[in-house]
Amino acid sequence: FKDDNLASLTSDINTGWTLQSGYLVFFMQAGFAMLCAGSVRAKNAKNIILLNILDACFGCCAWYLTGWAFAYGDPTNQCSANSWDEATCAANGGPFPGLSASQAFIGNRNFVMSNMDRTTYYLWFFQFTFAATGATIVSGAVAERCRFESYMLYELMIVLFVYPVVAHWVWSPFGWLSAWRTVDTASKQSYVLFAGSGVYDFAGDAAVHMVGGLASLAGAWVLGPRIGRFDAAGNPVDMPGHNASLTLLGVFLLWFGWYGFNPGSTLAITYGIDSFSKVAAAVAVNTTIGAASGCLATLFITMAYQYFTLGVVVWDLIIAGNGALAGLVAITGPCAFVQSWAAFIIGAIGGLVYFIASKVNLHLLKVDDPLDAIAVHAGAGIWGLIAGGAFAAPGMVNNVYGPLPGTEDGQRKYGFIMGGDGSALAAALVCIIVVGAWTLGIMTPFFMLLKKVGLFRVSPEVEAQGLDVSHHGGSAYPHEEGKNGKALESFG
Amino acid sequence: FKDDNLASLTSDINTGWTLQSGYLVFFMQAGFAMLCAGSVRAKNAKNIILLNILDACFGCCAWYLTGWAFAYGDPTNQCSANSWDEATCAANGGPFPGLSASQAFIGNRNFVMSNMDRTTYYLWFFQFTFAATGATIVSGAVAERCRFESYMLYELMIVLFVYPVVAHWVWSPFGWLSAWRTVDTASKQSYVLFAGSGVYDFAGDAAVHMVGGLASLAGAWVLGPRIGRFDAAGNPVDMPGHNASLTLLGVFLLWFGWYGFNPGSTLAITYGIDSFSKVAAAVAVNTTIGAASGCLATLFITMAYQYFTLGVVVWDLIIAGNGALAGLVAITGPCAFVQSWAAFIIGAIGGLVYFIASKVNLHLLKVDDPLDAIAVHAGAGIWGLIAGGAFAAPGMVNNVYGPLPGTEDGQRKYGFIMGGDGSALAAALVCIIVVGAWTLGIMTPFFMLLKKVGLFRVSPEVEAQGLDVSHHGGSAYPHEEGKNGKALESFG
Amino acid sequence: FKDDNLASLTSDINTGWTLQSGYLVFFMQAGFAMLCAGSVRAKNAKNIILLNILDACFGCCAWYLTGWAFAYGDPTNQCSANSWDEATCAANGGPFPGLSASQAFIGNRNFVMSNMDRTTYYLWFFQFTFAATGATIVSGAVAERCRFESYMLYELMIVLFVYPVVAHWVWSPFGWLSAWRTVDTASKQSYVLFAGSGVYDFAGDAAVHMVGGLASLAGAWVLGPRIGRFDAAGNPVDMPGHNASLTLLGVFLLWFGWYGFNPGSTLAITYGIDSFSKVAAAVAVNTTIGAASGCLATLFITMAYQYFTLGVVVWDLIIAGNGALAGLVAITGPCAFVQSWAAFIIGAIGGLVYFIASKVNLHLLKVDDPLDAIAVHAGAGIWGLIAGGAFAAPGMVNNVYGPLPGTEDGQRKYGFIMGGDGSALAAALVCIIVVGAWTLGIMTPFFMLLKKVGLFRVSPEVEAQGLDVSHHGGSAYPHEEGKNGKALESFG
């Protein structure tokens, strides 16, 4: 009786923790909305905020229909659910009778929340907030020129199918790349853990940031740059957003929400043994350190770059804000596995990767990404996966995943910089390649199709006038005549 | 000894959960402030934000003086408090000796927090945030023309008296409409549960949204429209707010805060049995689905309406934001009692109700409500109460309220769409009528009195000039000469 | 086995509570950023937001390097850590063998998080957010004229050294002013509790608000007023911020975050006995009441003052917002020790103190503090410490600190207004004098040195043009030509 109470108490506490973390992750939608709104010109503010609110709304519907099912619609362990003894369990075909090989690639249960126990709803909610966060990244990259109708189609595409499959690979106990696999869940595959390790992506550099960042790349590349973003010679022309205060408000809201994203990914604060809460605490510390070092690294790198190329000392706020985000993205994957000094390095290199990726994007690829979403999310996200393979510390990995199945000492693989072998890094690299190919391979043709049928981009007239007046019932700032009135006249 | 620890642990955890939920509800004040500020013209931004901050401050004082006492100032169960056996309990006149019939209508203890145990303070705090939220709704409806002095009087009126009484009816275990009544608390009435059911209003469609929304109707109607809101022919003239980014920031903050409002209304996350946290989880899921479907329904309905009447395709951001709020309001009452598919329907119809109520309000009633607060809160709030009576699912109602007193199987009434009878709907309809009559019956004469004595509305000169320059020490944006300077000149 | 589970559960729950409270305190950075941004002129918005984000980033690095070590780098109790019996403990030199007298003044362990158990990381995180909050206060006082480079140095100075030492004095169980001292931790001093009481500063009026507020005074005084802030005759000229909506958004965010700051300072929500959560609940109630009464008192005092001096009725939003902050600051120190009626008085007097301090500052000292940070934080912070000594209630003090060491009845000192003696007040007054001398004594010469070497203030040309165009890569609002373009031309 008493043990039951304690078990129920523990699971209720963990549900509460995860719900509250999910609220914070949801709040990142507000952060993205403000980040995006401030970073575009005033004439497109309503458009971009509408994209952001629809990320939450369409995302919810898509997650309800198929998203959760493809990502986490997994079979229940029949042995433990029915309290079978070992013999009965074996006689019935093991814990997952009828398990198919495809379960490693995609989930297939609980469409429209069917047959879900209400005690698992908290996970549905928490994972929904992740799907919506990943999807919303693209809104920044296609800003100021994408047709609203095609964005709705994109949103459905990514949350119905593209994101959930990657989430399944990496996080489901059945996923082929997942470090959560067991001998039982992997029974249809030739291996338990990919590369003997599985990919170490704690809070979502693969599923959320790489998918969102690379879908951004596909979208911004197919869409082409905004009119005037490059001059006749192909050199980029500055196109600053209309409100840096809103942009930075967005950065602060995102940073705050990240405390749900990273520490909340523990999905629990206690198991009544072994002070499990120390995992969440270390994640909170690492998240903070990663953000701080990412911001500072980017600020100083950019200052130095401008000083040596232009001879001026500029401390760029927008870039510092993006640097904080890049640090956060970089630490997202490895946050539960690395020491605090490593978090500092990972965040700082995250800032550097963002800086370089942003330059490559704009100057080499000539891709116009109004929010630098590609550099922040794909760039620092890929680095974060590598960093997990490099810096993961032995004790910490085991704290999260438990002992390695089928070994004596149970020690899981850890980062080569920490004295481990290259297994974790190999898993990370394969993850990067496969998730990259999956995302670009689906989203690029999808966006090209939208372009082909003329749905993807607004007309040059509408782009010049701004999308708010054309499509959203008027300017976001209707009383600032000098700013919005003129645009209207020129196309009156 | 051990059981005591577990009991203390459980109650502490629930206190923590409720406090943290209350913080989120308090944060809705920030949401309302930004929603309102963005939706008015720049010349009145300071005024409306001041109204919002005073909702919290006066609300706190009024809640301290009488609000809590009228709402929840109930007698303590003497039998359990004193661990009386059954005989002693009966000899002393039952659990609530000296209970009077009036206790069904209004609480009468704990004025100025007197005689309250500090272990109940968390409820005082949580319920305060609800009172402040309900009161703040009106600030939007009377914006841009209401005298600041009269708003202070209104604020006191509603939190000292009007709101607490309705909260008592619906939520106190002694309230005449309450589904929380027991044989003991109802011992002075001829029935235990009204209509055999009591009203199913989990998080506050009656007390918060109907009271706030109908007080808004009374206020906006008595106050009359803003100058220029209707042309000479009586047709409405658009008067957009000055900053759609702020308005939508407000929507996001409110949605976020709603996760305190709805799931927090469980007042507990665990009882150590029966996975009580699943109630909060289902509420979080339903709240999200309701918001999403409300937003999408409103967006598409408005688009279709404009397409068929004006021939243009407009995706209106402000209306979509209000649609999300309408979905949230609609699901607030039934959120703990309905399946997720029902939440989708309830939110979507909430959006439709908002759309229709807004049109009726503006075109038929000719009421000028700058924030559409009446349509969102009263409209969708009334629908939410009806939906609770229609869609409440049998198991879920019992999860919340426990077994029906005095019956064999303990099954509570449930929604007629779910196969139940019409009892829950009947209770909801009576609640709507009585709360409507109460709110309009008190607030309309109150506002008329304010008008009579000349306190209610600013002069036309002040209205044209804006309230900020006249009454609040200057414009909210003092450096934007083009925008604020001109208004000054014309009345210099 | 079971007891261990319960102990682990309890400590995990408290870790979760403290982490989540820390998130809210971190969120105050967003609040300060918006408060500051709105309160300066548009031409300096990016500069001030950058200062705010760097408070978090440099603050994190400084806290990592030495901040935590100086504040909380204390020895571990060897007796309990090694489960020594009394004899072994005594034989080994007591619980803290080798304890030095200097431990009362400064911590000396755990630099760069070395030798820290991961179970204490949650405290590192929580206390970091406090250090960052204290540091960020200064950004407002030096706004619009301080060189960015010198602000980085200031930030390091205060988080590396000045703040941690005060935090150690007041909050470490070894600190000489701390009410948390025990017979063991104080074994190297001639007394256990200073003045028999120790200073009653629950959530940080000394370390956070006095240090931040007085460093602001030193900074603003050394820096001198902004050009044009005083006319030729030395009379102040109004210099309103550019966006009151942002300013008040900041107030709301800060108020929200304060629910992490004050109730979170319990560092625990449960100990499985004695309903410990009632402390956090009372703190949440007092925090709300203090904010409300501070806001209302300031609003009405300012209105009355203007009415009697200028004959106009003005309800000033910015001042009301600062009044809410002053009420929050005032209640921060005594929040866990006072009755709710006392919280009302403390908040209201906090508003009055802010009003007077602001006038003294501007008219007598001729110090230009764009955010009124000195009056809000130093003024109301000093009052809060005094109020703790005056209003602390007997039962509540013991609830927080436990029984007084070495006494029969264990009753701690309480406020003289509550019938106690003057001990608690004496400790508060000494704390005010010493912390004041420490902060001003270090920061004033430090700022003077920065001034001496020409690092502290931008040139008059840059100040007139605005710091954003000069140093941060362009205006925060680049498309508002009328507003930003002109400034550029005049110094083209």
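Note that the coordinates shown come from a computational prediction; the quantities given were computed from them, not determined experimentally.

Each value, and the rule that gives it
- Residues numbered from 1 in each chain as written.
- Chains lettered and ligands numbered in written order.
- Predicted model: local features only at pLDDT ≥ 70, side-chain atom pairs only at ≥ 80, totals over all residues.
- Heavy atoms only, no water.
- Helix = DSSP H or I, 4+ residues; strand = E, 2+ residues; numbered from the N terminus.
- Buried < 20%, exposed > 50% of the residue type's maximum accessible area, 1.4 Å probe, protein only.
- Contact = heavy atoms within 4.5 Å.
- Areas by Shrake-Rupley, 256 points an atom, 1.4 Å probe, with all protein chains shown as cover.
- Lys, Arg positive; Asp, Glu negative; His and termini not counted.
- Charge placed at Lys NZ, Arg CZ, Asp CG, Glu CD.
- Disulfide = S-S within 2.5 Å.
- Buried area = accessible area lost by both parts, 1.4 Å probe.
- Salt bridge = Lys/Arg side-chain N within 4 Å of Asp/Glu carboxyl O.
- Polar contact = N/O pair within 3.5 Å; in protein donor to acceptor, adjacent residues only side chain to side chain.
- Phe/Tyr/Trp six-rings, centres within 6.5 Å; stacked < 30°, edge-to-face > 60°.
- Least-squares fit on C-alpha atoms with pLDDT ≥ 70 in both.
- Axes fitted to C-alpha atoms, helices over the stretch in contact; angles between N-to-C directions.
- Parallel < 35°, antiparallel > 145°, perpendicular 65-115°, else oblique.
- Left-handed = near helix turned anticlockwise from the far one by under 90°.

Caption draft 1: Up close: the overall build of chain A. Each helix and strand in chain A was counted, giving 17 helices and zero strands. Structurally, chain A occupies a C-alpha span of about 80 × 50 × 40 Å along its principal axes. Within chain A, the fraction of its 492 residues that count as buried is 67%. If you take every contact in chain A between residues at least 6 apart in sequence, the share linking residues at least 24 apart comes to 79%. With an accessible surface of roughly 14,900 Å², chain A has 63% of that area assigned to carbon and sulfur atoms. In chain A, 22 side chains carry a positive charge and 30 a negative one; their mean positions are 7 Å apart.

Caption draft 2: Representation of the state of the cysteines within the structure. Scanning all chains against the criterion turns up three disulfides over all chains. Paired through a disulfide, Cys79(A) and Cys89(A) show a sulfur-sulfur distance of 1.8 Å. Around the S-S axis, the bridge from Cys79(A) to Cys89(A) shows a dihedral of about 65° and counts as right-handed. Taken together, the residues span a long stretch of sequence, with Cys79(A) in helix α3 (residues 78-81) and Cys89(A) in helix α4 (residues 86-91) at a distance of 10 residues. Cys61(A) carries a free sulfur, and the closest cysteine sulfur to it, the one in Cys60(A), is 5.4 Å from it. Given a relative accessible area of 13%, Cys61(A) falls into the buried group. Distance from the sulfur of Cys57(C), which forms no disulfide, to the nearest cysteine sulfur (Cys295(A)) is 3.6 Å. For Cys57(C), a relative accessible area of 0% translates into the label buried.

Caption draft 3: The interface of chain C and chain B, seen in detail. Opposite the 66 residues of chain C that make contact, chain B presents 58 residues. Across the chain C to chain B interface the summed buried area is about 5,000 Å²; carbon plus sulfur atoms make up 75%. When the buried surface of chain C facing chain B is broken down by residue, Phe252(C), Phe256(C) and Trp315(C) rank first, second and third, together holding 15% of it. Across the chain C-chain B interface, the total number found is zero salt bridges. Put simply, chain C and chain B have 13 residue pairs in polar contact (both at pLDDT 80 or more) between them. Mapped by element, the contributors of at least two residues to the side of chain C that touches chain B are α1 (2-39), α8 (244-261), α9 (277-310), α10 (317-332), α11 (340-364) and α13 (394-401) of chain C. Per-element accounting of the side of chain C that touches chain B gives the leading share, 16 residues, to α9(C).

Caption draft 4: Examining the interface of chain A and chain C more closely. Chain A puts 66 residues into the contact, and the matching count from chain C is 58 residues. With both chains or domains summed, chain A and chain C bury close to 4,900 Å², and 75% of this area falls on carbon and sulfur atoms. Taken as a group, Phe252(A), Phe256(A) and Trp315(A) account for 15% of the area that chain A buries against chain C, more than any other trio of residues on that side. On the surface where chain A and chain C come into contact, there are zero salt bridges. Applying the counting rule to chain A against chain C returns 13 residue pairs in polar contact (both at pLDDT 80 or more). Taken together, the elements giving at least two residues each to the side of chain A that touches chain C come down to α1 (2-39), α8 (244-261), α9 (277-310), α10 (317-332), α11 (340-364) and α13 (394-401) of chain A.

Caption draft 5: Just the packing of aromatic side chains, in detail. Per the stated rule, a full pass over the model turns up 122 aromatic pairs over all chains. Ring centres 5.5 Å apart and planes at 75° place the aromatic pair Tyr259(A) and Phe26(C) in the edge-to-face group. A residue pair is termed interchain when its members come from two chains, as with Tyr259(A) in helix α8 and Phe26(C) in helix α1. Since its relative accessible area comes to 0%, Tyr259(A) is described here as buried. The buried category is assigned to Phe26(C), whose relative accessible area is 2%. Of the aromatic side chains, those joined through ring pairs into one cluster are Phe70(A), Phe111(A), Phe161(A), Trp169(A), Trp176(A), Tyr191(A), Phe194(A) and Trp438(A).

Caption draft 6: Region of the structure containing the relation of the copies chain A and chain C. Here chain A sits on chain C after a turn of 120° about the axis and a move of 0.0 Å along it, with an RMSD of 0.0 Å. Overall, the copies show the geometry of a three-fold rotation axis. Interface residue correspondence from chain A to chain C reaches only 17%, placing this contact among heterologous pairings that use different surfaces.

Caption draft 7: How the structure looks around the relation of the copies chain C and chain B. Its rotation angle being 120°, the transformation that places chain C on chain B also includes 0.0 Å of axial translation and leaves an RMSD of 0.0 Å. Looking at chain C, a mere 17% of its interface residues are interface residues in chain B too, so the copies touch through different faces.

Caption draft 8: Highlighting the packing of helix α2 (residues 45-72) of chain A against helix α9 (residues 277-310) of chain B. At a minimum axis separation of 9 Å, α2(A) and α9(B) run at an interaxial angle of 120°. In terms of orientation, α2(A) and α9(B) fall into the oblique class. Relative to α9(B), the crossing made by α2(A) is left-handed. When α2(A) is examined against α9(B), the residues Leu50(A), Leu54(A), Cys57(A), Phe58(A), Cys60(A), Cys61(A) and Tyr64(A) are found in contact with a partner set consisting of Thr288(B), Ile289(B), Ala291(B), Ala292(B), Cys295(B), Leu296(B), Leu299(B) and Phe300(B).

Keep in mind these numbers describe shape, not what the thing actually does.
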